[in-house]
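Structural characterization, general
Here is how the chains run, residue by residue.
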Amino acid sequence: MFLKTVNVKKHFGEVKAVDGVSLEIEKGEFVSIMGPSGSGKTTLLTLLGTLDSLTSGDIIIDYENLSSIKDVDTFRSKKMGFIFQFHNLIGYLTALENVELPLHGLMSIDKRKAKASELLDLVGLKDRMHHIPSQLSGGERQRVAIARALVNDPLLVLADEPTGELDSSTTQKIMDLMKKINQEKNITFLVVTHDPEVAKKTGKIIILRDGKISREELVKSASIEDIMTLKNSTLGQQLLQKESGDPYLEKLGLFKEKKLTREGELLLSLFEKVEEL
Ligand SMILES: Nc1ncnc2c1ncn2[C@@H]1O[C@H](COP(=O)(O)OP(=O)(O)OP(=O)(O)O)[C@@H](O)[C@H]1O
Ligand SMILES: [Mg+2]
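Rules of the game
Residues numbered from 1 in each chain as written. Chains lettered and ligands numbered in written order. Predicted model: local features only at pLDDT ≥ 70, side-chain atom pairs only at ≥ 80, totals over all residues. Helix = DSSP H or I, 4+ residues; strand = E, 2+ residues; numbered from the N terminus. Rg over C-alpha atoms; globule rule 2.2 N^0.38 Å. Buried ≥ 20, exposed ≤ 12 C-beta atoms within 10 Å, placed from the backbone. Contact = placed C-beta atoms within 7 Å. Near = placed C-beta within 6 Å. Nonpolar A, V, L, I, M, F, W, Y, C, P; charged D, E, K, R; others polar. Domains from an automatic or database assignment. Pairing = 2+ DSSP bridges. Expected span 1.5 Å × (residues − 1). Core = buried A, V, L, I, M, F, W, Y, C linked by C-beta atoms within 7 Å. Axes fitted to C-alpha atoms, helices over the stretch in contact; angles between N-to-C directions.

Some thoughts on the overall build of the protein
Within the protein, the regular secondary structure consists of eleven helices and twelve strands. Against the globule reference of 19 Å for 277 residues, the protein gives a C-alpha radius of gyration of 23 Å, more extended than a compact globule. When the backbone C-alpha atoms are referred to their principal axes, the protein occupies close to 75 × 50 × 30 Å. Burial statistics for the protein: of 277 residues in total, 33% are counted as buried. The contacts of the protein with a sequence gap of at least 6 include a subset with a gap of at least 24, amounting to 67%.

Here's what the structure looks like:
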């Protein structure tokens, strides 16, 4: 398993912030973590990001147990990218300089700049590279933060409420962008969010409560959701009952003399298949 936690706990004195979390995530999955305030989402992300030590349990990332890694700083800087709610960009640096920052010491300045501008191009900010954060919109700043998280070619991106400060249409765009990157580069994404619309765009939702996983659910794709909606519509019900008196459905060729046609049967078989998924 690419990422695995086994009975992970993080206690701060009496506070059991994370209290026995076991989860498994495959490479390339896009997972969201939801749950009420104080349920341990940020703490869990911090542990996965090797930014804090565990009270007990095991974490395996990229098939390695974190407890057996000697240099976690190098491990983190090579394999992980981080995106936060308040983008954490440095105010006096340009977008380009912010994005190339994680590469300092790893390659020459020319290579760093080339890599950073490639990523800014990917997030659609080619013509904003020399702007500082205060000259950018909220969504643009968050896209710079995404570019920065990806500049070291991470295997795993950890995002803590990356769209928390954005309006709903910008949120959609940022989620679509992250999903595209997830699919094209096969990077594993873990996104903490309060927003059900954001969670719906991911493949799996993990719900935390009092430091424990209370539920895990798979998200069906939007196309499948659409077919389900059609199935539950009046049309869907008429097909299921194999009977219609609606002349328009006859005109569509789904029924003839109140009996299902071959086209009607095909649509009906689609409904049956979608039920099996
Ligand atoms: N450094 C710390 N010291 C003591 N308690 C902490 C510390 N960090 C977090 N906690 C506590 O651990 C619990 C979980 O906190 P965490 O930040 O993980 O919650 P969260 O799910 O991210 O909440 P939110 O949705 O509000 O961001 C909370 O009760 C919090 O007060
Ligand atoms: Mg939090």
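Description of the site of ligand 1
Taken together, the neighbourhood of ligand 1 is formed by F12, V15, A17, G35, S37, G38, S39, G40, K41, T42 and T43. At the level of secondary structure, the elements contributing two or more residues to the shell around ligand 1 comprise β2 (15-25) and α1 (41-48). Element by element, the count of residues in the shell around ligand 1 is highest for α1, at three residues. The class makeup of the residues in the shell around ligand 1 is three nonpolar, seven polar and one charged.

Looking at the domain arrangement of the protein
Domain assignment breaks the protein into domain 1 (3-219) and domain 2 (229-276). The C-alpha-based centres of domain 1 and domain 2 are spaced at 45 Å.

Thoughts on the sheet that holds β2
To summarise the sheet geometry, strands pair through backbone hydrogen bonds and adopt either a parallel or an antiparallel arrangement. Pairing within the open sheet is antiparallel, and its four strands lie in the order β2-β1-β4-β5. The open sheet is flanked by β2 and β5 (64-65), the only strands paired with a single partner. Where strand β4 (residues 56-61) meets β5, two bridges bridge the pair, whose relative direction is antiparallel. Following the sheet pairing, I61 is matched in β5 by E64.

Re helix α6 (residues 168-185)
With 18 residues, α6 should cover 26 Å at 1.5 Å per step; its first-to-last C-alpha distance of 25 Å lies within 8% of that length. If you follow the buried residues of α6, they end up packed against α5 (138-150), β8 (188-192) and α7 (196-200).

With respect to the nonpolar core
Nonpolar side chains in soluble globular proteins tend to end up buried together. Ranked by internal contacts, the top residues of the largest apolar core, which has 53 residues, are V99, L120, A147, L158, F189 and L190. When near neighbours in sequence (up to four residues on either side) are disregarded, A147 contacts V99, L119, L120, L122 and V123. In terms of nonpolar packing, the next biggest core, distinct from the first, is built from five residues, L249, L254, F255 and L260 among them.

Brief notes about the sheet that holds strand β7 (residues 156-160)
Read from one edge of the open sheet, six strands run β6-β7-β8-β3-β9-β10, paired in mixed fashion. Bordering the open sheet on either side are β6 (80-84) and β10 (212-218), each of which pairs with just one other strand. Looking at each pair of strands side by side, their axes are set apart by 15° on average, direction ignored. Across four bridges, strand β3 (residues 30-34) lies against β8 in parallel orientation. Bridged to I33 within β8 is V192.

Notes on unusual backbone geometry
Although it is not a glycine, E161 adopts a positive phi angle of roughly 45°. Along the chain, E161 turns up in the loop between β7 and α6. Residue K258 is not a glycine yet carries a positive backbone phi of 65°. Locating K258 in the fold gives a position in the loop between β11 (255-256) and β12 (259-260).

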